[in-house]
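# Chains, contacts and geometry: an overview
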Amino acid sequence: MIRNDLNAIYVIVAREFIKFVREKGRLISTLARPVLWLFVVGGGLTRLVSPDMGMPYIQFIFPGIIGMTILFSSIFSSISIIWDKEFGFMKEMLVAPVSRFSIVVGKALSGTMVATIQALIILLLFPVIGLKLSIMQIFFILCISIILSFCLSSLGILIATFYENFESFSVIMNFIVMPMFFLSGAMYPVKLLPQILGFLSMINPLTYGIDALKYMVFPEKKLLTHDFPLSLDISVILIASLVFVIIAANVFERRK
Amino acid sequence: MSSIITVENLTKKFGNITAVDKISFEVEEGTIFGFLGPNGAGKTTTINILCTLMSPTSGKAYIDGHDCMKESSEVRNKIGIVFQDNTLDKELTAYENLLFHSYLYNVPKNERKKRIDDALNFVGLYERKNDQAKKFSGGMKRRLEVARSIIHQPKVLFLDEPTLGLDPQSRTNLWEFISKLPEKNDVTIFMTTHYMEEAEICNMIAIIDRGKLIAQGSPEELKKMVGGDVIYLRTKNNEEAIHEIKNNLKLDAEEKNGEIFISVHRGDACIPKLISSLADMVISVRLQRPTLNDVFLKLTGKAIRPETVSGGDEIKDAIRSYRKKSDRG
């Protein structure tokens with residue numbers, strides 16, 4: 001039984017990996033967004049807001065841009081479940097003798113893999129913007145990226161289970177993904193937000209992920225960088241992952 | 001012979017629409033069972049319940065002794081399915097699609113390659129195994145799906161409209177593979193089709209209309225329901241010939257549009273007698289046997305054709321919108 005499920009998880013991730021490698025265009029187009037934000041938005045605003053921050057703005061948003069990369073590629077990867085439903089492949093998985101839980105975990109790990117690879121590519125741009133990171137820092141950033149990717153991929157699956165087709169795609173984009181990004185502290189510290197928006201950012205798992213990334217990128221505590229203790233960040237990400245996976249598996253299990 | 005599928009009083013309601021209404025039937029092991037009906041009659045709903053994708057509102061269904069509701073994992077292990085819509089991953093190659101399947105069904109590691117190669121050979125796609133599925137024609141995709149569905153050696157194979165949308169040549173081709181399956185792979189086939197001539201290969205047929213099972217039997221038995229064969233004769237002198245047939249052969253004959261119309265039990269055996277008794281009067285002979293289409297027409301009042309726009313489509317739409325609502329709620 002367990003071997004069955006492990007096989008299923010393995011092969012679901014392997015399928016995603018093959019497709020990821022095969023579709024070069026997808027990689028380039030998903031990397032284009034964070035690169036644009038980093039250099040165009042970050043580069044432009046650097047001249048405007050740099051003096052008070054203690055660091056150039058382009059460096060300040062770097063953890064946020066890594067978080068953005070993870071957010072978009074996790075959610076998009078998970079939303080491929082809607083693709084699978086639309087093109088029928090989901091049925092192939094649903095009639096197989098494997099648990100719904102393993103399908104959800106397999107899909108979440110697929111998203112984790114894809115998002116972490118992309119985050120790593122963006123991370124390696126650090127010398128270009130004048131940051132210095134040690135090998136240990138890079139290692140810890142990668143660890144945070146993995147758990148954050150898993151968390152957001154699980155959230156993506158949960159969202160995807162409620163939609164049957166692509167008509168809802170722009171709804172997800174405009175009402176879930178973009179607000180999550182803006183309310184995550186990626187562009188400015190969440191402390192600066194008015195109370196209501198501040199509350200929304202507190203229930204946004206990405207906030208904690210970006211907070212942890214800031215902690216790793218700028219270990220010496222500086223003004224306006226991270227807002228919460230690292231232990232809180234990591235606990236929130238892990239607990240949220242668990243909750244998302246369990247709910248998604250339950251929704252999947254429900255038969256019509 | 002024992003039955004491998006048992007369905008008892010199966011009912012499925014979507015809101016106030018009854019898609020499947022208290023149907024019961026059994027399928028014997030090693031046979032080909034045809035499940036026929038017009039659009040929206042409840043065929044796919046029944047298959048979805050048997051495949052553990054849906055729960056029935058009431059009633060029971062067993063596959064190889066396992067309850068489709070309570071022992072879904074055992075049932076899933078024993079069944080293979082070719083769905084109405086294509087369920088391949090078109091970005092993956094033929095081989096990768098089958099490999100994915102063999103992992104999902106826990107095919108032993110040392111057997112995977114051999115089983116996949118055998119299945120690809122069986123459907124004649126071995127040479128194309130490293131091509132992406134998106135490069136395949138409709139018929140090839142179907143064959144690949146059939147190959148995939150037998151990789152884990154299921155005991156029951158569900159084929160839901162396997163030939164829908166295929167050209168006549170691919171259809172003939174596909175049925176060749178399918179009709180070989182029960183013997184070669186020791187599997188029972190449960191199939192639905194819109195093409196009545198394809199249903200001729202079934203050992204047993206059940207006809208469903210508006211959720212209710214309205215007839216069951218072998219193709220021969222069903223055809224008897226609409227009456228026997230009809231022989232059409234053209235002769236040099238119809239009046240004389242009818243007289244002859246009535247007196248000498250004791251058969252009922254009538255003239256219709258210049259042809260003599262004779263209703264008989266076994267037409268093929270009757271023709272030689274007719275010809276010898278009518279001597280050189282016969283110009284031409286034509287035998288018409290009832291087809292399953294006639295059976296269908298008689299029982300449901302409509303011809304079974306995919307392009308028929310029937311009330312069924314409305315039911316399908318209703319089910320779809322019901323599902324959407326229940327998904328949101």
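Residues numbered from 1 in each chain as written. Chains lettered and ligands numbered in written order. Predicted model: local features only at pLDDT ≥ 70, side-chain atom pairs only at ≥ 80, totals over all residues. Heavy atoms only, no water.

### Focus on the interface of chain B and chain A
On the side of chain A, 31 residues touch chain B, which itself brings 38 residues to the contact. Here chain B and chain A share an interface that buries about 3200 Å² over both sides, 53% of which is from carbon and sulfur atoms. Our count for the chain B to chain A interface comes out at five salt bridges. Residue D85(B) pairs with K91(A) through a salt bridge whose shortest N-O separation is 3.7 Å. Elements with a contribution of two residues or more to the side of chain B that touches chain A: α2 (72-78), α3 (94-104) and α12 (311-328) of chain B. Per-class residue counts for the side of chain B that touches chain A are 13 nonpolar, 13 polar and 12 charged. (Contact = heavy atoms within 4.5 Å. Buried area = accessible area lost by both parts, 1.4 Å probe. Salt bridge = Lys/Arg side-chain N within 4 Å of Asp/Glu carboxyl O. Helix = DSSP H or I, 4+ residues; strand = E, 2+ residues; numbered from the N terminus. Nonpolar A, V, L, I, M, F, W, Y, C, P; charged D, E, K, R; others polar.)

### Looking at the sheet that holds strand β5 (residues 66-67) of chain B
Residues and elements named next belong to chain B. The antiparallel open sheet is built from four strands, whose spatial order is β2-β1-β4-β5. Each of the sheet's edge strands pairs with one partner strand only, and the pair in question is β2 (17-28) and β5. With two bridges joining them, strand β4 (residues 58-63) and β5 adopt antiparallel strand pairing. Within the sheet, the bridge partner assigned to Y62 lies in β5 and is D67. (Pairing = 2+ DSSP bridges.)

### Examining the packing of aromatic side chains
A full pass over the atoms with the stated rule returns 17 aromatic pairs over all chains. Grouped by ring-pair contacts, the aromatic residues F25(B), F33(B), F35(B), F158(B) and F190(B) constitute a single cluster. One residue, K91(A), lies across the ring of F83(B), its end atom 4.6 Å from the ring centre. (Phe/Tyr/Trp six-rings, centres within 6.5 Å; stacked < 30°, edge-to-face > 60°. Lys NZ or Arg CZ within 6 Å of the ring centre and 35° of its normal.)

### Some details on the sheet that holds strand β11 (residues 229-235) of chain B
All names here are of chain B. If you trace the four strands from one edge of the open sheet to the other, you get β12-β13-β11-β14, paired in antiparallel fashion. Only two strands of the sheet have a single partner each, and these edge strands are β12 (253-256) and β14 (282-288). Direction aside, neighbouring strands of the sheet carry axes that sit 25 degrees apart on average. Bridge analysis of β11 against strand β13 (residues 259-264) gives five bridges, and the strand direction is antiparallel. Within the sheet, the bridge partner assigned to I231 lies in β13 and is I262. Across the sheet, helix α10 (residues 267-278) touches β11, β13 and β14, and the angle it forms with β11 is around 25 degrees. (Axes fitted to C-alpha atoms, helices over the stretch in contact; angles between N-to-C directions.)

### Examining the domain arrangement of chain B
Partitioning chain B into structural domains gives domain 1 (3-222) and domain 2 (227-289). Centre-to-centre separation of domain 1 of chain B and domain 2 of chain B, based on C-alpha positions: 44 Å. (Domains from an automatic or database assignment.)

### Brief notes about the pattern of salt bridges
For the coordinates displayed, the defined rule picks out 29 salt bridges over all chains. A salt bridge links R115(B) to E111(B); the nearest nitrogen and oxygen atoms lie 2.7 Å apart. Taken as a pair, R115(B) and E111(B) lie in helix α4 (residues 109-122) at a separation of four residues, close to a single helical turn. The shortest N-O distance in the salt bridge between R128(B) and D131(B) comes to 2.5 Å. Take R128(B): its relative accessible area is 30%, and that puts it in the partly exposed class. According to the relative accessible area criterion, D131(B) is partly exposed, its value standing at 24%. Taken together, the shared-partner salt bridges in this structure form one network comprising R15(A), E16(A), K19(A), R26(A), D84(A), K107(A) and D89(B). (Buried < 20%, exposed > 50% of the residue type's maximum accessible area, 1.4 Å probe, protein only.)

### Overview of the environment of I283(B)
Residues and elements named next belong to chain B. Looking at where I283 falls in the secondary structure, it is placed in strand β14. Residues I283 and S149 lie 134 residues apart in sequence; the distance between their C-alpha atoms is 52 Å. Not counting residues up to four positions away in its chain, the partners in contact with I283 are R234, T235 and K236.

### Description of the nonpolar core
All names here are of chain B. Of all hydrophobic cores here, the largest spans 116 residues; its most connected members are I5, F158 and F190. Residues in contact with F158, not counting those within four places in the same chain, are I5, I47, L50, C51, I63, I79, G80, I81, V82 and F190. Counting residues in each nonpolar core, the second largest holds 43 residues, with M140, L157, I207 and L292 among its members. (Core = buried A, V, L, I, M, F, W, Y, C linked by side-chain atoms within 4.5 Å.)

### Thoughts on the environment of G156(A)
Residues and elements named next belong to chain A. Secondary-structure assignment places G156 in helix α7 (residues 135-160). Take G156: its relative accessible area is 0%, and that puts it in the buried class. Along the primary structure G156 and I144 are separated by 12 residues, whereas in three dimensions their C-alpha atoms are 18 Å apart. Excluding its chain neighbours within four sequence positions, the residues that come into contact with G156 are I75 and S78.

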